[in-house]
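# An overview of the molecular structure
Letter by letter, the chains look like this.
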Amino acid sequence: LTGLVSDGIVAGVGAVLGFVPQMLVLFLMLALLEDVGYMARVAFIMDRIFRKFGLSGKSFIPMLIGSGCGVPGVMASRTIENERDRRMTILLTPFMSCSAKIPIYTVFTAAFFPHSGALVMLGLYLGGILVGIVAAKVLGATAFKGNPVPFVMELPNYRFPSAKSVWQLCWDKAKDFLTRAFTIIFVATIIVWFLQTFDTRLNLVDDSADSLLATVGAWIAPLFAPLGFADWRVSTALITGFIAKESVISTLGILTGSGADVSTAALGTLFTPVTAAGFLAFTLLYTPCVAAISAVKRELGSGWKAAGVALSQCVIAWMVAFLVYHIAALLLG
């Protein structure tokens, strides 16, 4: 019971609460820009660029928000009136690298690419955008044929922001984020705690290597062998990353015995610079967290479509990581 409360519920809730301050700042800045009248102009300016990829300029705002967190990014697609453009935006927003992945990037960059950290970080963000552009072209030529609707809108006048309207915008978005992400992660972390605490006979385990979670990780580990990281601890960390991306690092630290903050030496037992490059590519593109998938489900109105988004991103991530791993092997090996 103590483990359930401290390691399961408190740890899961704490992970969400840790993101609330930065999300509030993000919502505040966006609310100020929106109330001033600048957001409409950004969408208008970006329309010419986005139209080349089969989207309207209004898709820029959800993708920009998605770089902070995928949940409000997906929800921001509600501002797009055209159904085709809205659905395409929902499918493409998860390709933007959210802030929860930053701990993964920084730890692996510091451990394996200390002298080119800025280039690696920049490459990851640009890589996500590039894959999103390719996906937009493919979707525009297949499932979403046609051209985006003409962008006609009346630009509002610049004005001094109203404290009341800014507060209302912040409160609505923060409340929606907390209620949606909080409840889902609350349940999901309890499930992960259970899988990590008990074995197949429902006995308490002293070593997480004997747990149900390790068993599941061992089942899917062979899928990552072509990518260079077939260790069950890595696949287990990726599973917990589906709950919250920042938990990938803490899970690796726990499973390698180096604590919640994984050490460089511990990572060195699982990765090389070549396999780390493939791992970074995979974590960049694989399925967004369960809270973001839930937001996709609500906006698309179908659990099967949301599951398809998660599965398709895993397939794309696997293919890109495969290419990155073998290219890195040629360059660094």
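As the structure is a computational prediction, the values presented were derived from the model and not from experiment.

Reading the values: the criteria
Residues numbered from 1 in each chain as written. Predicted model: local features only at pLDDT ≥ 70, side-chain atom pairs only at ≥ 80, totals over all residues. Heavy atoms only, no water. Helix = DSSP H or I, 4+ residues; strand = E, 2+ residues; numbered from the N terminus. Expected span 1.5 Å × (residues − 1). Buried < 20%, exposed > 50% of the residue type's maximum accessible area, 1.4 Å probe, protein only. Patch = residues over 30% accessible without salt bridge, like charges linked within 9 Å, V, L, I, M, F, W, Y side chains within 5 Å. Areas by Shrake-Rupley, 256 points an atom, 1.4 Å probe, with all protein chains shown as cover. Salt bridge = Lys/Arg side-chain N within 4 Å of Asp/Glu carboxyl O. Phe/Tyr/Trp six-rings, centres within 6.5 Å; stacked < 30°, edge-to-face > 60°. Lys NZ or Arg CZ within 6 Å of the ring centre and 35° of its normal. Axes fitted to C-alpha atoms, helices over the stretch in contact; angles between N-to-C directions. Parallel < 35°, antiparallel > 145°, perpendicular 65-115°, else oblique. Left-handed = near helix turned anticlockwise from the far one by under 90°. Contact = heavy atoms within 4.5 Å. pLDDT = per-residue confidence, 0-100. Core = buried A, V, L, I, M, F, W, Y, C linked by side-chain atoms within 4.5 Å.

## Details of helix α8 (residues 117-141)
With 25 residues, α8 extends 36 Å from end C-alpha to end C-alpha; this agrees with the ideal 36 Å at 1.5 Å per step. Among all positions of α8, only Gly117, Val120, Leu124, Gly127, Gly128, Val131, Gly132, Ala135, Ala136 and Leu139 are buried.

## Re a nonpolar patch on the surface
A cluster of nonpolar side chains, Phe322, Leu323, Ile327, Leu330, Leu331 and Leu332, forms an exposed patch at the surface whose accessible area comes to about 660 Å². Mapped onto the elements of the fold, Ile327 is located in helix α16 (residues 303-332).

## A few points about the packing of aromatic side chains
In the structure shown here, the tally under the stated rule is 15 aromatic pairs. Pairing Phe271 with Phe279 gives two aromatic rings, centres 5.0 Å apart and planes at 55°, and the pair type is tilted. The same class applies to Phe271 and to Phe279, which are both buried. What links up through ring pairs into an aromatic cluster is the set Phe108, Phe112, Phe224, Phe229, Phe271, Phe279, Phe282 and Tyr286. The lysine or arginine in question, Lys245, covers the ring of Tyr286, its NZ or CZ lying 4.5 Å from the ring centre.

## What to know about the packing of α8 against helix α14 (residues 273-285)
Their axes nearest at 10 Å, the elements α8 and α14 cross at an angle of 45°. By the angle between their axes, α8 is oblique relative to α14. Seen from above, α8 lies across α14 with right-handed handedness. Counted together, Val120, Leu124, Gly127, Gly128 and Val131 of α8 and Leu280, Leu284 and Leu285 of α14 form the full contact between these two elements.

## Comments concerning the packing of helix α7 (residues 102-112) against α8
Two numbers describe how α7 lies on α8: the axes approach to 10 Å, and their chain directions differ by 145°. Note that α7 runs across α8; the crossing there is right-handed. Where α7 approaches α8, its residues Ile102, Tyr105, Thr106 and Thr109 are matched on the opposing element by Gly117, Val120, Met121, Leu124 and Tyr125.

## Concerning the confidence of the model for the chain
Scored by pLDDT, the chain comes out at a mean of 80, with 87% of its residues at no less than 70. At the level of individual helices and strands, the chain shows its lowest average pLDDT in helix α1 (residues 2-17), which scores 66, and its highest in α14, which scores 90.

## Notes on the nonpolar core
Formed by 69 residues in total, the largest nonpolar core has its most connected members in Leu92, Phe108, Phe229, Phe271, Phe279 and Phe282. The leading source of residues in this core is α14, at 9 residues. Setting aside residues no more than four positions away along its own chain, Phe108 makes contact with Phe113, Ile249, Leu252, Leu267, Phe271, Ala276, Phe279 and Leu280. Counting 5 residues, the second-largest nonpolar core is a separate cluster that includes Ala31, Val166, Cys170 and Ala174.

## As for the pattern of salt bridges
Within the structure shown, the criterion is met by 6 salt bridges. Among the salt bridges present, the one from Glu83 reaches Arg87, with a minimum N-O distance of 2.8 Å. In this pair, Glu83 and Arg87 both sit in helix α6 (residues 83-92), 4 residues apart, roughly one turn of the helix. Look at Arg87 and you get partly exposed, because its relative accessible area is 22%. Its salt-bridge partner being Asp85, residue Arg84 comes within 2.8 Å of it at the nearest N-O pair. Under the relative-accessibility criterion, Arg84 is labelled buried at 14%. Judged by its relative accessible area of 0%, Asp85 falls in the buried class. It is possible to trace a salt-bridge network through shared partners that takes in Glu83, Arg86, Arg87 and Glu299.

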